[in-house]
Amino acid sequence: MFATGKWMRAAALAVAGVAVAGAALAQESTMERVKRTKEVRIGTVAGAIPYFNKDLVTQKWEGFGPDFAESLGKALGAKPVFVETTWGNSVLDLQSNKIDVMFAMAPTPQRMEVVNFSKPLLNNTFTAVCKKGHAPVKTWEELNKPEAKIVVDIGSNQDQFATRALPKATISRLESSGAATMSVQTGRSDCQVLVVLLSQPLVAKRPDVGTVYFPQPIETTNTNIGLRKEANKDFQKAVNAWLDDARAKGEIQSVVLKNMEKLAGVKADSFPKEVKF
């Protein structure tokens with residue numbers, strides 16, 4: 001009886017110890033976990049060229065995100081571990097502590113309520129992809145008229161920009177960027193508003209769609225790094241410090257241009273000098 005009671009007390013203490021350890025890990029900040037494990041978990045999206053791409057032969061991730069992840073890992077003294085997700089699930093994966101970092105996430109008001117963000121990672125320039133035979137577009141104001149048939153993917157940065165900058169235009173809002181592109185290609189729309197990191201690869205791959213124009217004034221939208229929302233800001237501060245250093249060294253621009261050419265076939269000299277990432 002004594003032995004059984006002693007065993008039960010020991011078991012109870014062991015369970016309590018596991019519970020305390022589990023609670024401590026649950027409360028662990030991102031920076032504490034990165035320091036403890038020497039790993040930083042990076043969200044990746046299959047086929048999202050030029051942001052992410054998984055080589056089917058080597059199974060190695062490449063693109064802006066993986067390149068930035070390697071650089072960030074060195075700054076943190078941690079190994080990047082790539083965790084596949086989707087654009088739609090990435091916010092949930094940050095919230096549920098499955099990933100630490102999601103590169104190329106736009107800081108919408110809705111997202112800012114549930115996840116933290118770094119300083120801007122990229123400045124993504126708005127462009128107009130216009131159908132074959134369309135007159136060259138020099139300014140946004142040229143498209144700001146009722147006879148200009150503009151198309152965007154609904155709810156996107158492109159939609160928000162077109163609504164603000166082209167209030168007089170006839171704007172169609174379709175369910176996806178691909179559907180908007182098809183509208184231009186078939187002549188139902190004149191021009192698609194699209195950020196340059198999507199428009200240049202699109203036309204390089206499918207030149208029959210139309211022509212990319214960079215209307216003046218140059219307008220941009222920020223693309224940031226999504227982080228888990230937490231009271232402890234140490235990890236956010238470390239990511240921002242890396243970002244400041246990388247931008248000062250010209251690393252952001254060089255990584256973008258390298259991957260645009262390697263993965264999307266877009267050469268550096270195809271961007272106007274006004275376009276800075």
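Located above this text is the structure these notes cover.
Just so you know, these numbers come straight off a predicted model, no measurement behind them.

Turning to the environment of Ser 71, a few remarks are in order. Examined against the element boundaries, Ser 71 turns out to sit in helix 3 (residues 64-76). According to the relative accessible area criterion, Ser 71 is buried, its value standing at 15%. With 180 residues separating them in the primary sequence, Ser 71 and Glu 251 have C-alpha atoms 9.3 Å apart. Those residues in contact with Ser 71 that sit more than four places away from it in its chain are Trp 242 and Glu 251.

Among the secondary structure elements, Asn 224 is positioned in strand 12 (residues 220-228). Engagement of the side chain of Asn 224 in a polar contact is seen with the backbone oxygen of Ser 118, the distance being 2.9 Å. In this structure Asn 224 touches Met 102, Phe 103, Ala 104, Met 105, Pro 107, Phe 117, Ser 118, Lys 119, Pro 120 and Leu 121, once residues within four positions along its chain are discounted.

An ideal rise of 1.5 Å per residue puts 18 Å on 13 residues; helix 3 measures up with 18 Å between its terminal C-alpha atoms. By the burial criterion, the buried members of helix 3 are Phe 64, Gly 65, Pro 66, Phe 68, Ala 69, Ser 71, Leu 72 and Gly 73. With its phi angle positive at about 70°, Gly 77 sits one or two positions after the end of helix 3.

It is at 9 Å that the axes of helix 3 and helix 10 (residues 251-264) come closest, and there the two elements cross at 145°. The handedness of the crossing between helix 3 and helix 10 is right-handed. Listed contacts from helix 10 to Phe 64, Asp 67, Phe 68 and Ser 71 of helix 3 are Glu 251, Ile 252, Val 255, Val 256, Lys 258, Asn 259 and Met 260. A per-class count over the contact of helix 3 with helix 10 returns six nonpolar, two polar and three charged.

Along the polypeptide, Ser 270 turns up in the segment after helix 10. Expressed as a C-alpha distance, the spacing of Ser 270 and Gln 200, which sit 70 residues apart in the sequence, is 8.5 Å.

With that settled, consider the nonpolar core. Judged by nonpolar contacts, the single largest core of 52 residues is most densely connected at Val 101, Phe 103, Leu 121, Leu 197, Ile 225 and Trp 242. Here this core takes six residues from helix 9 (residues 234-248), the largest share from any one element. Listed in part, the 18 residues of the second largest apolar core include Leu 143, Ala 148, Ile 171 and Val 195.

Moving on, we get to the pattern of salt bridges. The full count for this structure, using the stated rule, is twelve salt bridges. Between Lys 258 and Asp 67 there is a salt bridge, and its shortest N-O distance comes to 2.8 Å. With Lys 258 in helix 10 and Asp 67 in helix 3, this pair connects stretches of sequence that are 191 residues apart. Residue Lys 258 is classed as partly exposed on the basis of its relative accessible area, which comes to 46%. For Asp 245, the salt bridge is made with Lys 249, and the minimal N-O distance between the two is 3.2 Å. Since its relative accessible area comes to 39%, Asp 245 is described here as partly exposed. A single salt-bridge network, built from bridges that share partners, covers Arg 33, Arg 41 and Asp 100.

Attention now moves to unusual backbone geometry. The linkage connecting Ile 49 with the following residue, Pro 50, adopts the cis geometry, with an omega of 5°. Its place among the elements puts Pro 50 in the loop between strand 1 (39-45) and strand 2 (53-54). Gln 216 connects to Pro 217 through a cis peptide bond whose omega is -10°. Residue placement: Pro 217 occurs in the loop between strand 11 (211-213) and strand 12. The phi dihedral of Asn 97 is positive, around 65°, even though this residue is not glycine. Within the fold, Asn 97 resides in the loop between helix 4 (90-95) and strand 5 (101-105). The exposure class assigned to Asn 97 is partly exposed, which follows from its relative accessible area of 29%. Phi at Ala 104 is positive, roughly 65°, even though this residue is not glycine. Position of Ala 104 relative to the elements: it lies in strand 5.

As a further point, take the packing of helix 2 (residues 30-37) against helix 9. Look at helix 2 against helix 9: their axes get within 7 Å of each other, and the N-to-C directions meet at 75°. Put simply, helix 2 runs roughly perpendicular to helix 9. Counted together, Thr 30, Met 31 and Val 34 of helix 2 and Asp 234, Phe 235 and Ala 238 of helix 9 form the full contact between these two elements.

Rules of the game
Residues numbered from 1 in each chain as written. Predicted model: local features only at pLDDT ≥ 70, side-chain atom pairs only at ≥ 80, totals over all residues. Heavy atoms only, no water. Helix = DSSP H or I, 4+ residues; strand = E, 2+ residues; numbered from the N terminus. Buried < 20%, exposed > 50% of the residue type's maximum accessible area, 1.4 Å probe, protein only. Contact = heavy atoms within 4.5 Å. Polar contact = N/O pair within 3.5 Å; in protein donor to acceptor, adjacent residues only side chain to side chain. Expected span 1.5 Å × (residues − 1). Axes fitted to C-alpha atoms, helices over the stretch in contact; angles between N-to-C directions. Left-handed = near helix turned anticlockwise from the far one by under 90°. Nonpolar A, V, L, I, M, F, W, Y, C, P; charged D, E, K, R; others polar. Core = buried A, V, L, I, M, F, W, Y, C linked by side-chain atoms within 4.5 Å. Salt bridge = Lys/Arg side-chain N within 4 Å of Asp/Glu carboxyl O. Parallel < 35°, antiparallel > 145°, perpendicular 65-115°, else oblique.

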